[in-house]
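Structural characterization, general
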Amino acid sequence: MIKGILFDYGGTIDTNGLHWGSVLWDHYQKYHVPVVREEFSKAYSFGERALAINPIVKPAHNFYDVLCLKIDQQFTFLESLGKSLDRRLVTTIASDCNFFVKQTIENVLPILSALADQYAMVMVSNFYGNLNTVLSDFGLRSYFTDVVESAVVGVRKPDPEIYRLGVERLGMRASDCVVVGDSYSKDMIPGNTIGCKTIWLNVAGWEDILKTETTSVADLEITDFAQLTVQRIGLL
């Protein structure tokens, strides 16, 4: 019987399965940023590395702040390629994406509330050191007994150790826990490796190949966060 849930955050709770690369690329197109997808993909990777390696994000930054910093890094990379960009679009795109997240989380809150009545829940995320601020700002923090954040614990997905830390924070056996996430390689495989059940929110990945195995290690696949119910988890 499942007793605890380990949730991924980015791309799972905040976008209902959409990878942030896809979300941002859609907004680049909406505002006619003059780049092609391949250029944006490189800029996206550059921005993610910059925020992960350098102390750009501060603990008090909310998610809108993170988006501004992330898009600013992307624009810096694109300008290094010779692109002429309207810097006003940094805050415009960030504001749009932040509003999208707020709308998504409004739909997620009652689901998390129902699950929290039945299960102990921990957040396990690759993030920048400000996840507690982000969760509190969106009204999510109270649903989780603890937060295991890569920038704080010094371990990043797909290393299974970060999920092992999540299980330890719950004080349970891995076999009594389920991992919920949108990434096959960063959530399903490490969760399965340490002995947890796994639920894959399989909607729209950014990578061309989501998995190479002919048989998925995910115990359950869903295509909408709303499908994550006490009843379905009880069947695992």
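Overview of the structure. Since this is a predicted model, take the numbers as computed values, not measurements. (Residues numbered from 1 in each chain as written. Predicted model: local features only at pLDDT ≥ 70, side-chain atom pairs only at ≥ 80, totals over all residues. Heavy atoms only, no water.)

**Concerning the sheet that holds strand β2 (residues 120-125)**
With parallel pairing, the six strands of this open sheet are ordered in space as β3-β2-β1-β4-β5-β6. Strands at the two margins of the open sheet, each flanked by one partner only, are β3 (146-149) and β6 (220-222). Mean inter-strand twist for the sheet, computed between neighbouring axes without regard to direction, equals 20°. Pairing analysis gives four bridges linking β2 to β3, with the strands arranged parallel. Paired with Ser125 across the strands is Glu149, a residue of β3. The strands that helix α8 (residues 184-193) touches are β4 (177-181) and β5 (197-201); relative to β5, the one it contacts most, it runs at about 165°. (Pairing = 2+ DSSP bridges. Helix = DSSP H or I, 4+ residues; strand = E, 2+ residues; numbered from the N terminus. Axes fitted to C-alpha atoms, helices over the stretch in contact; angles between N-to-C directions. Contact = heavy atoms within 4.5 Å.)

**Notes on helix α3 (residues 63-80)**
Look at α3: 26 Å from first C-alpha to last across 18 residues, which is about the 26 Å you get at 1.5 Å a residue. Every buried residue belonging to α3 is among Phe63, Val66, Leu67, Cys68, Lys70, Ile71, Gln73, Gln74, Phe75, Phe77 and Leu78, and all of these are buried. Against α1 (20-30), α2 (37-53), α4 (88-116) and α5 (131-137) lie the buried residues of α3. Where α3 begins, the capping side chain belongs to Asn62, and its oxygen is found 3.2 Å from the backbone nitrogen of Tyr64. One or two residues past the end of α3 sits Gly82, with phi positive at roughly 95°. (Expected span 1.5 Å × (residues − 1). Buried < 20%, exposed > 50% of the residue type's maximum accessible area, 1.4 Å probe, protein only. Polar contact = N/O pair within 3.5 Å; in protein donor to acceptor, adjacent residues only side chain to side chain.)

**A short note on the nonpolar core**
Ranked by size, the top nonpolar core spans 59 residues in total, and within it Phe7, Tyr9 and Tyr28 carry the most contacts. When residues in this core are grouped by element, the largest group, 11 residues, is from α4. Filtering out sequence-adjacent residues up to four positions away, Tyr28 remains in contact with Val33, Val35, Phe40, Ile71, Gln74, Phe75, Leu78 and Ile93. (Core = buried A, V, L, I, M, F, W, Y, C linked by side-chain atoms within 4.5 Å.)

By themselves, these are just geometric observations and shouldn't be taken as functional.
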